[in-house]
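# Architecture at a glance
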Amino acid sequence: MNPEDRAWAALRRHASAQLRGGFADRVVRTARGPQTGAWLQLFRAAAAQVRPGFAERVLRAARAAADLPSLGSQLALSAATAAICLGAVLFVHDRNLKQADARNLAEWQTIVAVAQDMDSSGR
């Protein structure tokens, strides 16, 4: 047996000595989860904690909280949406106009430079 095998065996013996009895059984039970009987006991205990009519009260409260928005709030939301859209359209239009003006100005400056060059060479 080489020294590595001896070291691994010693490590295994030391680790297994640290575990309490029944460790493997507890791990297997935890991995499988509670049995059906345990779930039924949990459901019965939980049902005993809930007062009668609980589900109806929850549904009534949810329906009351989910009322339809008023006409005024719908109109306000529509107006805000229209204002945002109009602002976006105006912004894009203004930016496009500025880009077109800059492009046209650059082209005219080129034309003026060529015309001045022709005029000065013709004299």
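Residues numbered from 1 in each chain as written. Predicted model: local features only at pLDDT ≥ 70, side-chain atom pairs only at ≥ 80, totals over all residues. Heavy atoms only, no water.

Let us look at the overall build of the protein. Regarding its fold elements, the protein presents five helices and zero strands. The N-to-C order of helical and strand elements in the protein reads α-α-α-α-α. Along the longest, intermediate and shortest principal axes, the C-alpha atoms of the protein span 110 × 70 × 20 Å. Out of the 123 residues belonging to the protein, those deemed buried represent 1%. Accessible surface, the protein: about 11,300 Å² in total, of which carbon and sulfur atoms supply 64%. Of the side chains in the protein, 16 bear a positive and 10 a negative charge, and the two mean positions are spaced by 25 Å. (Helix = DSSP H or I, 4+ residues; strand = E, 2+ residues; numbered from the N terminus. Buried < 20%, exposed > 50% of the residue type's maximum accessible area, 1.4 Å probe, protein only. Areas by Shrake-Rupley, 256 points an atom, 1.4 Å probe, with all protein chains shown as cover. Lys, Arg positive; Asp, Glu negative; His and termini not counted. Charge placed at Lys NZ, Arg CZ, Asp CG, Glu CD.)

A word on helix α3 (residues 36–49). Each α-helix winds once per 3.6 residues, and so residues spaced three or four apart point in a common direction. Between its first and last C-alpha atoms α3 spans 20 Å; for 14 residues at 1.5 Å apiece the expected length is 20 Å, and the two agree. Little of α3 sits out of view: just zero of its 14 residues are buried. (Expected span 1.5 Å × (residues − 1).)

All right, on to helix α1 (residues 3–18) then. The end-to-end C-alpha distance of α1, which contains 16 residues, comes to 23 Å, matching closely the 22 Å that a straight helix rising 1.5 Å per residue would cover. Where α1 begins, one side-chain oxygen reaches toward the backbone nitrogen of E4, 3.2 Å away; that side chain belongs to N2. (Polar contact = N/O pair within 3.5 Å; in protein donor to acceptor, adjacent residues only side chain to side chain.)

On to the environment of L42. Structurally, L42 can be placed in helix α3. For the pair L42 and A15, spaced 27 residues apart in sequence, the C-alpha to C-alpha distance is 36 Å.

Applying the stated criterion across every chain yields a total of two salt bridges. E56 is paired through a salt bridge with R60; the nearest N and O atoms lie 3.9 Å apart. Taken together, the residues span about one helical turn, with E56 and R60 both in helix α4 (residues 54–65) at a distance of four residues. In this structure E56 comes out as exposed when scored by relative accessible area, which is 52%. What makes R60 exposed here is its relative accessible area of 53%. (Salt bridge = Lys/Arg side-chain N within 4 Å of Asp/Glu carboxyl O.)

With that out of the way, let us pick up a nonpolar patch on the surface. A grouping of W39, L40, L42 and F43 is seen on the molecular surface, where their side chains present a nonpolar patch of about 430 Å² in accessible area. The residue L40 is located in helix α3 in this model. Under the relative-accessibility criterion, L40 is labelled partly exposed at 41%. (Patch = residues over 30% accessible without salt bridge, like charges linked within 9 Å, V, L, I, M, F, W, Y side chains within 5 Å.)

In low-pLDDT segments, the atomic positions of the prediction should not be examined closely. Per-residue pLDDT for the protein averages 88, and the proportion of residues at 70 or more is 98%. Ranking the elements of the protein by mean pLDDT puts helix α2 (residues 23–32) last with 80 and helix α5 (residues 71–122) first with 93. (pLDDT = per-residue confidence, 0-100.)

With that settled, consider the environment of T36. Tracing the backbone shows T36 in helix α3. Placed 59 residues apart in sequence, T36 and R95 show a C-alpha to C-alpha distance of 69 Å.

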